[in-house]
Amino acid sequence: MKLVFFGPPGAGKGTIAVKLAEKLGIPHISTGDLFRAAIKNQTDLGKKVKQILDSGALVPDELTVDLVRERLTAKDTNSGYILDGFPRTIPQAEALAGITELDAVINFEVSDEILIKRLSGRRICSSCGFIHHVEFQPPKHEGICDRCGGKLIQREDDSETSIRKRLSVYQNQTAPLLGYYEKTGLMIDIDGAPAPAEVLSSVTAALEHLK
Ligand code: AP5
Ligand code: MG
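Cut-offs applied
Residues numbered from 1 in each chain as written. Chains lettered and ligands numbered in written order. Predicted model: local features only at pLDDT ≥ 70, side-chain atom pairs only at ≥ 80, totals over all residues. Heavy atoms only, no water. Near = heavy atom within 4 Å. Polar contact = N/O pair within 3.5 Å; in protein donor to acceptor, adjacent residues only side chain to side chain. Areas by Shrake-Rupley, 256 points an atom, 1.4 Å probe, with all protein chains shown as cover. Buried < 20%, exposed > 50% of the residue type's maximum accessible area, 1.4 Å probe, protein only. Helix = DSSP H or I, 4+ residues; strand = E, 2+ residues; numbered from the N terminus. Arc of directions from axis to C-beta. Contact = heavy atoms within 4.5 Å. Core = buried A, V, L, I, M, F, W, Y, C linked by side-chain atoms within 4.5 Å. Pairing = 2+ DSSP bridges. Axes fitted to C-alpha atoms, helices over the stretch in contact; angles between N-to-C directions. Disulfide = S-S within 2.5 Å. Phe/Tyr/Trp six-rings, centres within 6.5 Å; stacked < 30°, edge-to-face > 60°.

S.K.: Can you break down the site of ligand 1 residue by residue, with the values?
M.R.: Taken together, 36 residues form the shell around ligand 1, and within it Thr15, Ala57, Arg88, Arg122 and Arg166 come nearest. Take Thr15: an N or O atom from its side chain is 2.6 Å from an oxygen atom of ligand 1. Measuring from a nitrogen atom of ligand 1, one finds a backbone N or O atom of Pro196 at 3.4 Å. Its free accessible area being 1,000 Å², ligand 1 has 97% of it covered by the protein chains.

In structure tokens, the structure reads:
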């Protein structure tokens, strides 16, 4: 199954994608995670995009599309994948349509008030990237990743200024894609406000109808 997870920053795309990918046995491909890995490994790509990510702006389409195109040539994508955070602009969606045919675009709907609470309390593992939240998904031991025991950190772009910037970038540059995907008939709206287990079951139920 080839899925896109769509929605504003903090909507829960990564949280739900990890669980669904495991359930379906397909890879979870997050462009944000790929960029953060490049930054951590100080690759050429990482050096190019570090400041852009920290500020909350979008990486240029060409760089992003090349990265995804390359990732989708890997064998593990043969039986499907979840694309998380890609596409985010109309040119990216058009490029993706030239690469593959999607089964569905899952649109997570969450109010700004909740998004801000989620982003400001998020903690990720500096080692494996696993997502926690100080209040909503607290780690068993403070500051320590439940999955691998790594150190929990705050993402550079989860500062108050970057969060504000990312929400406005979403409204101006990414939300126009809602209309694009509505026209294709691929869009499935999901209420992203309830707890993760409930959101996951709504997504699973919606996908059942596709079969
Ligand atoms: P990216 O990493 O994709 O960030 P984002 O879109 O801003 O989305 P987030 O990862 O912040 O949110 P999420 O929806 O995954 O929420 P999460 O599950 O973590 O992109 C980062 C940057 O990379 C961009 O700003 C841009 O610079 C660049 N980039 C990436 N893709 C690009 C593209 N296509 N084009 C150009 N540039 C690109 O959850 C958030 C928090 O809430 C967590 O703490 C979690 O524990 C908690 N939570 C989640 N779900 C729930 C729930 N149901 N109930 C309670 N708490 C919850
Ligand atoms: Mg994410």
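S.K.: If you had to explain helix α6 (residues 112–120) to someone new, which residues and values would you point to?
M.R.: Buried residues of α6: Leu115, Arg118 and Leu119, and no others. The arc that holds the buried residues of α6, viewed along the axis, is 95°, so those residues lie on one side. Elements that come into contact with the buried residues of α6 comprise β5 (122–125), β6 (131–133) and α7 (160–174).

S.K.: Describe the nonpolar core, with residues and values.
M.R.: Ranked by size, the top nonpolar core spans 24 residues in total, and within it Phe5, Leu20, Ile82, Ile106, Phe108, Ile190 and Val203 carry the most contacts. Those elements giving two or more residues to this core turn out to be β1 (2–6), α1 (13–24), β4 (104–109), α6, α7, β8 (187–191) and α9 (196–208). With five residues, the single largest contributor to this core is α9. Ignoring sequence-local partners within four residues, the contact set of Phe5 consists of Lys13, Ile16, Ala17, Leu20, Ile82, Leu83, Asp84, Gly85, Ile106 and Phe108. In this structure, Val68, Tyr81, Leu102 and Leu177 belong to the second largest nonpolar core, which totals 19 residues.

S.K.: Report on the sheet that holds strand β2 (residues 28–30), specifying residues and quantitative values.
M.R.: The strand order across the open sheet formed by five strands is β2-β3-β1-β4-β8, and the pairing between neighbours is parallel. Taken across any chain shown, the strands that pair with only one partner, and hence form the sheet edges, are β2 and β8. Strand-to-strand twist of the sheet, defined as the mean angle between neighbouring strand axes without regard to direction, takes the value 25°. Pairing of β1 with strand β3 (residues 81–84), which is carried by four bridges, proceeds in the parallel orientation. Bridge pairing in β3 links Leu3 to Ile82.

S.K.: Any chance you could break down the state of the cysteines for me, citing the residues and the numbers?
M.R.: Applying the stated rule across the entire model yields zero disulfides. With no disulfide partner, Cys128 has as its closest neighbouring cysteine sulfur the one in Cys148, 3.7 Å distant. Its relative accessible area of 31% is what places Cys128 among the partly exposed residues. Unpaired in terms of disulfides, Cys148 finds its nearest cysteine sulfur in Cys125, a separation of 3.5 Å.

S.K.: Quick rundown of the packing of aromatic side chains? Include the residues and the values.
M.R.: For the structure shown, the criterion picks out three aromatic pairs. Judged by centre distance (6.2 Å) and plane angle (55°), the rings of Phe6 and Tyr170 are tilted. Placement of the pair is Phe6 in strand β1 and Tyr170 in helix α7, with a sequence separation of 164 residues. On the accessibility criterion, Phe6 (3% relative accessible area) is buried. Its relative accessible area of 9% is what places Tyr170 among the buried residues.

Any functional reading would require information that these geometric values do not contain.
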